[in-house]
Amino acid sequence: MHAAIGSLSEQLREAPGLADQVNWTAFKPTTPAGVCLCGMGGSAIGGDLARAYWEHESPVPFLIVRNDHLPEFINRFWLVIASSYSGNTEETLSATDEARRRGCRILAIATGGGVEQMASQYGWPMIKLPGGFSPRAALGYSFGPVMLALARWGIVPDRTDLLKMSADFLEQRSQFYDQKRPLTDNAAKQVAAVLEGHHTCVYGSSGSTDVLAYRFKGQLCENAKVPAFANVLPELNHNELVGMDGYTGGGQLALAVMRSADDTPRAGIRLDWIVQRLSARGIPVVSLTASGANRLVRMLSLVQLGDYISYHLAIVRGCDPTPVAVINDLKSQLDSTR
């Protein structure tokens, strides 16, 4: 898992070549009514990152469907991306087949499996991903090609150079979080030390770090095998904040707040107030701050930092970050009920 996390920069560098497996000239449709990515887990997070990055520039809506069926409003005028790293995700296969029946244009992204079989059967363009990773550790593969696909379609501007720049930045930053770097000079290990023994609630801000908070929550659950939760400002100020303010759980809860230069000034004020208030309640608080000179780099820097924190927390807890036995158990049970 440590090596997989460290490969994020290389995955991003490979994204242009992967995206260009598709003959975009032949596939290029008219401007769609919207883009829908069908995916679960790590594959869906890749779509979320692309959606979050492009939401300020895309002229059409970009929807992530984490389900086995589509909303009724998705019709043949939509572009649908079937994203499943394994290619065998039950919900993605079901939703994609529904998109096929509705006459949607479909792009497949997978290592193989049922998604590849459907693409071959129905003549869909496909981006075939390299195998050998856990889906959550293949984020560069599930994000980079999706981000570039929207540009290749002509929906948004091309950001290939910016993606490569981000890869260079992350490669340089990874040395600061490496397992060989000591605790005294390793921000990821320091945060892991604070979170050890706690259930972590991760807070992000809408429009800047919301997806990143959800990603970090998932990595804490899957890699470190600890309960974790995520929520987003300003909505949490209107409900969850009351419960947090009244928390009397005996020191079991910790708070991780995500910050970025892309936060609005009001979001910064809200975060400062929440940190002060909850710290006074005895809740340990850590801040994860984005690095980098542009929005894409800052987003990916928080992905990288959160991934390393979850890895180091797993090591502190004495567990292997890679297996996800309970997910496999559930899938086996579902397979037996077919």
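Check the entry above for the structure.
Colleague: Which parts of the structure should I look at to understand the packing of aromatic side chains?
Modeller: Any two aromatic rings considered together are summarised by their centre-to-centre distance and by the angle between their planes. Evaluation of the coordinates by the stated rule reveals six aromatic pairs. Here phenylalanine 133 and tyrosine 141 contribute two aromatic rings whose centre-to-centre distance is 5.8 Å and whose plane-to-plane angle is 75°, an arrangement assigned as edge-to-face. With relative accessibility at 26%, the residue phenylalanine 133 sits in the partly exposed group. Ring plane angle 45° and centroid distance 5.7 Å describe the contact between tyrosine 177 and tyrosine 308, whose orientation is recorded as tilted. In this pair, tyrosine 177 sits in the loop between helix H8 (160–174) and helix H9 (187–195) while tyrosine 308 sits in helix H13 (residues 295–316), placing the two residues 131 residues apart along the sequence. Among the residues examined, tyrosine 177 registers a relative accessible area of 6% and is labelled buried.

Colleague: Could you clarify how one ought to interpret the side chain of lysine 189 in this entry?
Modeller: Relative to the helices and strands, lysine 189 is located in helix H9. For the buried residue lysine 189, which engages in no salt bridge, the nearest side chain bearing the opposite charge is aspartate 178, 7.2 Å off. Looking at lysine 189, its side chain comes within polar contact range of the main-chain oxygen of glutamine 179, at 2.7 Å. Only 2.8 Å separates the side chain of lysine 189 from the backbone oxygen of arginine 181, close enough to count as a polar contact. In this structure, lysine 189 is in contact with Asp178, Gln179, Arg181, Pro182, Leu183 and His312, ignoring residues within four places of it in sequence.

Colleague: What am I meant to see in the sheet that holds strand S9 (residues 285–289) here?
Modeller: Neighbouring strands of a sheet are bound in pairs by backbone hydrogen bonds; such pairs are parallel or else antiparallel. Reading across the sheet, the four strands line up as S7-S6-S8-S9 and stay open at both edges, with parallel pairing between neighbours. The open sheet has two edge strands with one neighbour each: strand S7 (228–233) and S9. For this sheet, the mean angle separating the axes of adjacent strands, direction not counted, is 25°. Where strand S8 (residues 253–259) meets S9, five bridges bridge the pair, whose relative direction is parallel. Pairing of alanine 256 across the sheet is with valine 286, part of S9. Packed on one face of the sheet, H13 meets S8 and S9 and runs near 140° to S9.

Colleague: Quick question: what am I supposed to make of helix H6 (residues 113–122) here?
Modeller: In an α-helix, one full turn covers 3.6 residues, which means residues spaced three or four apart are oriented alike. Within H6, burial applies to Gly114, Val115, Met118 and Ala119. Projection of H6 onto a plane perpendicular to its axis shows the buried side chains occupying an angular sector of 140°, all on one side. Residues of H6 that are exposed and angled more than 90 degrees away from the buried face: Gln117, Ser120 and Gln121. Buried positions along H6 lie against strand S3 (78–84), helix H5 (90–101), strand S4 (105–110) and strand S5 (126–128). Following H6 by one or two positions, glycine 123 has its phi on the positive side, about 75°.

Colleague: What am I meant to see in unusual backbone geometry here?
Modeller: Trans peptide bonds make up the majority, and among non-glycine residues the majority have a negative phi. Omega for the peptide link from leucine 233 to proline 234 comes to 5°, which places this bond in the cis form. For proline 234, the location among the structural elements is in the loop between S7 and helix H11 (240–245). A positive phi angle is found at lysine 225, which is not glycine, with a value near 60°. Within the fold, lysine 225 resides in the loop between helix H10 (210–222) and S7.

Colleague: How should I be thinking about the sheet that holds strand S1 (residues 34–38) in this particular structure?
Modeller: The five strands are arranged S2-S1-S3-S4-S5 in an open sheet whose pairing can be described as parallel. Of all strands in the sheet, those bounded by a partner on one side alone are strand S2 (62–65) and S5. Adjacent strand axes in the sheet meet at a mean angle of 15° when their direction is disregarded. Examined bridge by bridge, S3 and S4 share six bridges and lie parallel to one another. Its bridge partner lying in S4, valine 80 is registered against isoleucine 106. Running at roughly 155° to S3, H5 makes contact with S1, S3 and S4 of the sheet.

Colleague: Whenever I open this one, the nonpolar core confuses me. Can you help?
Modeller: Note that soluble globular proteins tend to have their nonpolar side chains buried in a common cluster. Membership of the largest hydrophobic core comes to 78 residues, with the highest contact counts inside it found for Leu107, Trp153 and Leu288. Counting residues per element, this core draws most heavily on H13, which supplies 10 residues. Those residues in contact with leucine 288, other than ones at most four positions away along the chain, are Val191, Phe216, Ala256, Val257, Met258, Arg259, Leu302, Leu305, Gly306 and Ile309. Counting residues in each nonpolar core, the second largest holds 18 residues, with Cys38, Val80, Ile106 and Ala108 among its members.

Colleague: Got a minute to help me understand the packing of helix H4 (residues 41–54) against H13 in this structure?
Modeller: Helix-helix packing is characterised by the crossing angle of the two axes and by the distance between the axes. Two elements in contact, H4 and H13, have axes whose closest approach is 10 Å; the angle formed by their N-to-C orientations is 150°. It follows that H4 is roughly antiparallel to H13 by the angle criterion. Note on packing geometry: the crossing formed by H4 with H13 is right-handed. Between H4 and H13, the residues in contact are Leu49, Ala52 and Tyr53 and Arg295, Leu296, Met299 and Val303, respectively.

Thresholds, definitions, all that
Residues numbered from 1 in each chain as written. Predicted model: local features only at pLDDT ≥ 70, side-chain atom pairs only at ≥ 80, totals over all residues. Heavy atoms only, no water. Phe/Tyr/Trp six-rings, centres within 6.5 Å; stacked < 30°, edge-to-face > 60°. Buried < 20%, exposed > 50% of the residue type's maximum accessible area, 1.4 Å probe, protein only. Helix = DSSP H or I, 4+ residues; strand = E, 2+ residues; numbered from the N terminus. Lys, Arg positive; Asp, Glu negative; His and termini not counted. Salt bridge = Lys/Arg side-chain N within 4 Å of Asp/Glu carboxyl O. Polar contact = N/O pair within 3.5 Å; in protein donor to acceptor, adjacent residues only side chain to side chain. Contact = heavy atoms within 4.5 Å. Pairing = 2+ DSSP bridges. Axes fitted to C-alpha atoms, helices over the stretch in contact; angles between N-to-C directions. Arc of directions from axis to C-beta. Core = buried A, V, L, I, M, F, W, Y, C linked by side-chain atoms within 4.5 Å. Parallel < 35°, antiparallel > 145°, perpendicular 65-115°, else oblique. Left-handed = near helix turned anticlockwise from the far one by under 90°.

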